[in-house]
Amino acid sequence: MENACVLCFNLVMLNKPHPSLKKISELNNSELYKCSCCFAFLHKSNGIWEVISGGDYPREGYSCDLSDTANSVHENPADTAP
C-alpha cells in the first residue's frame, strides 16, 4: 500500500472511490480496477477494496486530482489512461 496514491489509500480505508479508477475486468462479484494516477491495481469484491499491486507514486511530471470527489468511478478500460 506504500506506493498507492492518497486517493487509493482513501478508497481502501474509507471506501471513497475516485475518478482516476478505470475498470478493467468484471466477473460475478469481483471487479479489477487500475488507478490512472498511481498505476496501482485494485480489487473490489462484495464491496470491499484492496490493493493487489502497488503503484508508482509519487511520479515526477504527473499530478493527481486530490480534491474530494463524489464517489465517481469511470467505467472506461484502463488502457485509455495516460
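This next bit is on the overall build of the protein. On a plain count of helices and strands, the protein comes out with one helix and four strands. The helix and strand sequence of the protein, counted from the amino end, reads α-β-β-β-β. Expressed as a percentage of contacts within the protein between residues at least 6 apart in sequence, the contacts between residues at least 24 apart total 46%. Entry remark: accessible area of the protein is about 5000 Å², with carbon and sulfur atoms responsible for 49%.

Right, let's talk about the environment of Cys-37 for a bit. As for its placement among the helices and strands, Cys-37 is situated in the loop between β2 (30-35) and β3 (41-45). Residues Cys-37 and Ala-4, spaced 33 residues apart in sequence, show a C-alpha to C-alpha distance of 8.9 Å.

In this section: the sheet that holds strand β4 (residues 48-53). Either a parallel or an antiparallel arrangement is found when strands of a sheet pair, and the pairing is made through backbone hydrogen bonds. Judged by pairing direction, the sheet is antiparallel, and its four strands sit side by side in the order β1-β2-β3-β4 without closing on themselves. Looking at the sheet topology across the chains shown, the edges are occupied by β1 (21-27) and β4. Pairwise comparison of adjacent strand axes, ignoring direction, gives a mean angle of 25° for this sheet. Each of β1, β2, β3 and β4 is contacted by helix α1 (residues 6-14), which is oriented at about 135° to β4, the strand it contacts most.

Time to look at the pattern of salt bridges. In total, this model carries two salt bridges according to the counting rule given. Taking the shortest distance from any N to any O, the salt bridge between Lys-23 and Glu-26 comes out at 3.1 Å. Residue Lys-23 is classed as buried on the basis of its relative accessible area, which comes to 14%. Between Lys-23 and Glu-31 there is a salt bridge, and its shortest N-O distance comes to 3.9 Å. Owing to a relative accessible area of 15%, Glu-31 belongs among the buried residues under this scheme. One continuous salt-bridge network, built from bridges that share partners, spans Lys-23, Glu-26 and Glu-31.

Membership of the largest hydrophobic core comes to 13 residues, with the highest contact counts inside it found for Cys-5, Cys-8, Leu-21, Cys-35, Cys-38, Leu-42 and Trp-49. Among the elements of the structure, α1 and β2 are those that each provide at least two residues to this core. Per-element accounting of this core gives the leading share, three residues, to α1.

As a further point, take the pairing of β1. On a regular strand, each side chain points to the face opposite its neighbour's, so the side chains alternate between the two faces of the sheet. Two elements, β1 and β2, share six bridges in a ladder whose sense is antiparallel. Counterpart to Leu-27 in the pairing with β2 is Ser-30. In sequence, β1 turns back onto β2 through a hairpin of two residues, with Asn-28 there showing a positive phi of about 55°.

Definitions and limits used
Residues numbered from 1 in each chain as written. Predicted model: local features only at pLDDT ≥ 70, side-chain atom pairs only at ≥ 80, totals over all residues. Heavy atoms only, no water. Helix = DSSP H or I, 4+ residues; strand = E, 2+ residues; numbered from the N terminus. Contact = heavy atoms within 4.5 Å. Areas by Shrake-Rupley, 256 points an atom, 1.4 Å probe, with all protein chains shown as cover. Pairing = 2+ DSSP bridges. Axes fitted to C-alpha atoms, helices over the stretch in contact; angles between N-to-C directions. Salt bridge = Lys/Arg side-chain N within 4 Å of Asp/Glu carboxyl O. Buried < 20%, exposed > 50% of the residue type's maximum accessible area, 1.4 Å probe, protein only. Core = buried A, V, L, I, M, F, W, Y, C linked by side-chain atoms within 4.5 Å.

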